[in-house]
Amino acid sequence: MTNNLHAQDALIAVKNIHKNYQRGSETIEVLRDVNLNIHKGEFVAFMGPSGSGKTTLLNLLGGLDVPTSGHIFIDGEDIAGMSAKKLTTWRSRHVGFIFQMYNLIPVMTAFQNVELPLLLTRLSKSERRRHVEAALAIVGLADRMSHYPRQLSGGQEQRVAIARAIVTDPTFLLCDEPTGDLDRKSANEILDLLTRLVQEHAKTVLMVTHDPLAANRAGTRFHLEKGVLAVNSKGEAP
Amino acid sequence: MKYLPLLLANLGRKKMRTILTIGSFTVALFLFGLLGVIDMSFNQGVEVAGVDRLIVRNKTSLIMPLPIAYKERLGQIQGVKDVTFASWFGGVYQEPKNFFPQFAIDVDTYRGMFPEFIIPDQQWEDFARDRQGCIVGRKTLERFNWKIGDRIPIQATIYRGLWDFTIRGVYDAKREADDTTQFWFHFNYLNERTPFPKDYVGWYTVRIHDPDNAGPVAKAVDERFANSSFETTTETEKAFMAGFVKQFGNIKLIILSVGSVVMFTLLLITGGNMSLSIRERINEIAVLKAIGFGPVRVLGLVLAESIGYAVIGGFLGLSLCKLFTLSGDPTNGLLPVFFLSHETVLYGIGITLLVGLVSGSIPALVAMRLNIVDAMRRV
Ligand SMILES: Nc1ncnc2c1ncn2[C@@H]1O[C@H](COP(=O)(O)OP(=O)(O)O)[C@@H](O)[C@H]1O
Ligand SMILES: [Mg+2]
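Fair warning: this is a prediction, and the values are worked out from it, not measured in the lab.

Here we come to the overall build of chain B. Within chain B, the secondary structure is distributed over 14 helices and twelve strands. Against the globule reference of 21 Å for 379 residues, chain B gives a C-alpha radius of gyration of 29 Å, more extended than a compact globule. Scored against the burial criterion, the 379 residues of chain B give a buried share of 51%. For chain B, the accessible surface area stands at approximately 18,300 Å², while carbon and sulfur atoms represent 63% of it.

Following this line, the structure appears as structure tokens:
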């Protein structure tokens, strides 16, 4: 029952999540009865072999997809039952996405890329500028604002992507293998940055990774195995 | 407005493709404008026709004459207000390629019949006093660099010999569609020198009291002269002009067919380019949707992009067409009016927007319906 006590003050509470995919007549159970609680300010890593359902879980937490059954409470709201339209708005307010392939818009400058999520807000042009500059300063790219993605290294591109994710000050950040495409040195810089976001800026970060060194940075580690959330680093039952 | 950088960035994505897409619109709209100009040229007579004017001509053929005595008899028919007449001269100035129409007119009544042509009173009086005087339309005057007082020799082709005229005045027109290439001189001068039987005119123009009464009045005219040696055919000026245009074949159909093929090709090219461009960007669109761009916004962005191409290209095309027409009729007078009408421009803008919208609609729907999770998995 510790779980329920935790759930009281958890930022993210996942209850009995199932996710099935239909491939022809065959039903694939990608996530089976996943339960977990994440608190504000936690740095969480999800590990597990390829195909174990990590991305699927992250997509559900980020409101990009809906579970087959179960509940996902985030800040008290159950996003599992939200309409697509509501989810779109919810994502823009609450989630910062960081992808493995950075996914910046190549024809826009770092500044413009970071500004994109702010276009959906009511902020004025000068307010947007202030937020973008602050976010780029946090990731250490204040001097690269007018660079295009192709003029940046992979590590710098990912930092721009992180700036884009934090610029709206979302409730939490979702990173799907953020260092998967980077060399060790750049990967470490990104991990340092994520750690700093948690420690200095009180961000909540959820990260999927293959890399044990990356996972070691996280305060909490979950393991997914064939859609079942198995162990976590604190040795508690999930 | 704040999405403008995003739009511009997308337009500038593949320079060559952007140039080709915009270029397609430019070429298509230039052609469209030109077709409109040509259509207008052929139909200008129909466009400017007076609603209260009838044309009375020889029933057998337009080139057969009518007696001058009909003038008075026409005036007596009920519903007829004014009568004037004219004859086609068909002369050549220096060389046959210098074509412009010459009419021998009834000086007393012609000006009153065509108030759309503007001539200063003094010039008209000078013209009326000079038996060999003539009035020239502004376009023809400028084309040959003539000025008032010049002596103009015209070689007759139907009538015989060289005819000398003195320019006594120049006429302008109220509307751009009016023909200012004509050359008018005294019917009495023609009647005096003609080698053919005298006192015959080419056709009559009749003003009626009530335009709604055109049918019955025309019928009354033709009945009045039925069974005489010069039977008449009477119709509204508009119908007459339309019949005249028909002699050249179905211009409208040709123009419509060419125009449709051009627009259809444009639609295919732009639609193809937009689809290609969206397919290359599936991943970016998925990211935009992930960070909170809703379906309507995504739809709007893609449509705005295709309409952007259309508007830039269409503007260039119509502007080039305008420039082209400013240099004047390239056919040496065959097309008496040669200008891009407001109507054509409006149609052009409408078609531009429509093609932009339609060509962007399928890619826009694809982008709108795109499933984020599937799209991200695809890479
Ligand atoms: N749209 C889908 N349709 C069918 N199967 C899917 C779909 N998305 C994911 N899967 C399957 O779900 C499983 C888990 O995928 P994923 O969450 O991407 O795993 P991971 O990120 O841990 O590698 C895989 O076997 C994958 O093939
Ligand atoms: Mg994955």
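Looking at chain A, pLDDT values average 90 and 93% of them are 70 or higher. In the model, residues 1-5 of chain A has pLDDT below 50 throughout and makes two contacts with residues more than four positions away in sequence or in other chains.

This part is about the domain arrangement of chain B. Residue and element names in this part refer to chain B. If you check the domain split of chain B, you get domain 1 (4-45 + 250-377) and domain 2 (60-230). Listed per partner, the contact involves nine residues of domain 1 and nine residues of domain 2. Around 790 Å² of area is buried between domain 1 and domain 2 when both sides are counted, 49% of it from carbon and sulfur atoms. At the junction of domain 1 and domain 2, the tally comes to zero salt bridges.

Once that is clear, we can look at the site of ligand 1. By nearness alone, 13 residues border ligand 1, and Gly51(A), Lys54(A), Thr55(A), Thr56(A) and Arg377(B) come closest of all. What surrounds ligand 1 is not a single chain but chains A and B. With respect to ligand 1, the backbone of Gly53(A) contributes an N or O atom lying 3.1 Å from an oxygen atom. In the environment of ligand 1, an oxygen atom lies 2.9 Å from a nitrogen or oxygen atom belonging to the backbone of Lys54(A). The fraction of the free accessible surface of ligand 1 (560 Å²) that becomes covered by protein chains is 77%. Sorting the residues of the shell around ligand 1 by element identifies β1 (12-23) and α2 (54-61) of chain A together with α14 (372-377) of chain B as the ones contributing at least two each. Top element by residues in the shell around ligand 1 is α2(A). It accounts for three residues.

On to the nonpolar core. Within the largest apolar cluster, 74 residues are counted, with the highest numbers of intra-cluster contacts made by Ile12(A), Leu36(A), Phe46(A), Leu116(A), Leu206(A) and Phe293(B). Residue contributions to this core peak at seven residues, all from helix α12 (residues 295-326) of chain B. Core analysis: the next-biggest nonpolar cluster, separate from the first, contains 40 residues, Val83(B), Cys134(B), Ile208(B) and Val221(B) among them.

Moving on, we get to the pattern of salt bridges. Tallied over the entire structure, the rule returns 31 salt bridges over all chains. In this structure, Glu115(A) and Arg128(A) form a salt bridge, with 2.9 Å as the shortest nitrogen-oxygen distance. Of this pair, Glu115(A) sits in helix α4 (residues 110-115) while Arg128(A) sits in helix α5 (residues 125-138); the two residues are 13 residues apart in sequence, bridging distant segments of the chain. Glu115(A) sits in the buried class, given a relative accessible area of 11%. A single network of salt bridges, built from pairs that share partners, joins Arg53(B), Glu116(B), Arg175(B), Asp178(B) and Glu237(B).

To continue, consider the sheet that holds strand β5 (residues 77-78) of chain A. Residues and elements named next belong to chain A. Taken in spatial order, the four strands make up an open sheet running β2-β1-β4-β5, and their pairing is antiparallel. Looking at strand neighbours, the two that pair on one side only are β2 (26-38) and β5, the edges of this open sheet. Note that strand β4 (residues 69-74) and β5 share two bridges and pair antiparallel. The residue bridging Ile74 from the neighbouring strand is Glu77, located in β5.

A few words now on the side chain of Asp39(B). By the element assignment, Asp39(B) lies in helix α2 (residues 15-48). Leave out the neighbours within four places in its chain, and Asp39(B) touches Lys252(B) and Ile255(B).

The next thing to look at is the pairing of strand β8 (residues 205-208) of chain A. Residue and element names in this part refer to chain A. Side chains Val205 and Met207 of β8 all project onto a buried face; the interleaved residues Leu206 and Val208 project onto the opposite face, where all are buried too. Where strand β3 (residues 43-47) and β8 come together, four bridges link them in parallel fashion. By the bridge assignment for β8, Phe46 is matched with Val208. Here strand β7 (residues 172-176) pairs with β8 via four bridges, running parallel. Of the residues in β8, the one forming a bridge with Leu174 is Leu206.

Let's shift gears to the interface of chain A and chain B. Of the residues lining the interface, 25 residues belong to chain A; the matching set on chain B comes to 22 residues. The largest contributions to the chain A side of the interface with chain B come from Val107(A), Leu119(A) and Leu120(A), which together make up 26% of the buried area. Across the chain A-chain B interface, the total number found is zero salt bridges. At the boundary of chain A with chain B, the tally comes to six residue pairs in polar contact (both at pLDDT 80 or more). In the side of chain A that touches chain B, the residues fall into 13 nonpolar, eight polar and four charged.

Conventions adopted
Residues numbered from 1 in each chain as written. Chains lettered and ligands numbered in written order. Predicted model: local features only at pLDDT ≥ 70, side-chain atom pairs only at ≥ 80, totals over all residues. Heavy atoms only, no water. Helix = DSSP H or I, 4+ residues; strand = E, 2+ residues; numbered from the N terminus. Rg over C-alpha atoms; globule rule 2.2 N^0.38 Å. Buried < 20%, exposed > 50% of the residue type's maximum accessible area, 1.4 Å probe, protein only. Areas by Shrake-Rupley, 256 points an atom, 1.4 Å probe, with all protein chains shown as cover. pLDDT = per-residue confidence, 0-100. Contact = heavy atoms within 4.5 Å. Domains from an automatic or database assignment. Buried area = accessible area lost by both parts, 1.4 Å probe. Salt bridge = Lys/Arg side-chain N within 4 Å of Asp/Glu carboxyl O. Near = heavy atom within 4 Å. Polar contact = N/O pair within 3.5 Å; in protein donor to acceptor, adjacent residues only side chain to side chain. Core = buried A, V, L, I, M, F, W, Y, C linked by side-chain atoms within 4.5 Å. Pairing = 2+ DSSP bridges. Nonpolar A, V, L, I, M, F, W, Y, C, P; charged D, E, K, R; others polar.

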